[in-house]
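An overview of the molecular structure
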Amino acid sequence: MTNKIDSQMLKGILYGCILLLLSKKEMYGYMISEELDIYGFKNISKGTIYPLLLSLEKKGLIIGDLKPSIYGPRRKYYSLTEKGIKEKQEFLKEWNQLNSCLTNLIKGVDEYEN
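All values reported here derive from a predicted model rather than from experimental measurement.

The subject of this paragraph is helix α1 (residues 7-24). The end-to-end C-alpha distance of α1 is 25 Å, a good match for the 26 Å that 18 residues give at a rise of 1.5 Å each. Listed as buried for α1 are L10, L14, Y15, G16, C17, I18, L19, L21 and L22.

When strand β1 (residues 27-28) meets strand β3 (residues 72-80), the two strands line up antiparallel, connected through two bridges. Bridge pairing in β3 places M27 opposite Y78. Taken together, the seven bridges between strand β2 (residues 62-69) and β3 define a ladder with antiparallel strand orientation. Directly across from I62, in β3, lies its bridge partner L80.

Another point: the sheet that holds β3. Read from one edge to the other, the open sheet built from three strands follows the order β1-β3-β2, with strand pairing classed as antiparallel. The open sheet has two edge strands, β1 and β2, and neither has a second partner. Packing against the sheet, helix α3 (residues 46-58) makes contact with β2 and β3, and its axis sits at approximately 125° to β2.

A separate point is the nonpolar core. If you look at the biggest cluster of nonpolar residues, it comprises 24 residues, and the most contacted ones within it are L22, I32, L36 and I62. Going through the elements one at a time, α1, β1, α2 (29-38), α3 and β3 are the ones with two or more residues in this core. Ranked by the residues each element gives to this core, the list is headed by α1, at eight residues.

Moving on, we come to the environment of K11. Relative to the elements of secondary structure, K11 occurs in helix α1. Looking at K11, the relative accessible area reads 47%, which means it is partly exposed. When the C-alpha atoms of K11 and S45 are compared, they prove to be 12 Å apart, with 34 residues separating the residues in sequence.

With that out of the way, let us pick up the UniProt feature "domain: Transcription regulator PadR N-terminal" (unreviewed entry) in the protein. The sites that UniProt annotates as "domain: Transcription regulator PadR N-terminal" (unreviewed entry) are residues 18-87. Counted over residues 18-87, helix gives 51% and strand 27%. Its end C-alpha atoms are 11 Å apart.

Any pair of aromatic rings gets described here by the distance separating the centres and the angle formed by the planes. Scanning the entire structure with this criterion turns up one aromatic pair. On the numbers, 5.2 Å between centres and 80° between planes, the contact of Y28 with Y77 is edge-to-face. Note that Y28 is positioned in strand β1 and Y77 in strand β3, a separation of 49 residues in sequence. Assigned by exposure class, Y28 and Y77 land together as buried. Note that K67 overlies the ring of Y77, its terminal NZ or CZ placed 5.5 Å from the centroid.

So, how was this worked out
- Residues numbered from 1 in each chain as written.
- Predicted model: local features only at pLDDT ≥ 70, side-chain atom pairs only at ≥ 80, totals over all residues.
- Heavy atoms only, no water.
- Helix = DSSP H or I, 4+ residues; strand = E, 2+ residues; numbered from the N terminus.
- Expected span 1.5 Å × (residues − 1).
- Buried < 20%, exposed > 50% of the residue type's maximum accessible area, 1.4 Å probe, protein only.
- Pairing = 2+ DSSP bridges.
- Contact = heavy atoms within 4.5 Å.
- Axes fitted to C-alpha atoms, helices over the stretch in contact; angles between N-to-C directions.
- Core = buried A, V, L, I, M, F, W, Y, C linked by side-chain atoms within 4.5 Å.
- UniProt positions renumbered as here; feature names shortened; annotations may be inferred.
- Phe/Tyr/Trp six-rings, centres within 6.5 Å; stacked < 30°, edge-to-face > 60°.
- Lys NZ or Arg CZ within 6 Å of the ring centre and 35° of its normal.

Printed below as a string of structure tokens:
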């Protein structure tokens, strides 16, 4: 993302993004960061991801598993729990509803201005 986004707004979105990414496959923190980068989240500091992972893990939405790495120390790979799968589905439902409301608002303001 090229512009700075409010950190509280971004935190909520990243929370859901991490759940979405982990629904594809298990990943470690840096891998998640790289995946987010691919999807356009360019200015996310690596230090932002780890506190979110810790929070998700404490809430029982993801589980971490230390695995050996050929590149150095073991890495903690994360995957979704059953609770995490349900939370991901809830995030998508809420996101679609919010997206629809915002789209309607933008359309309404555009029509008013023209």
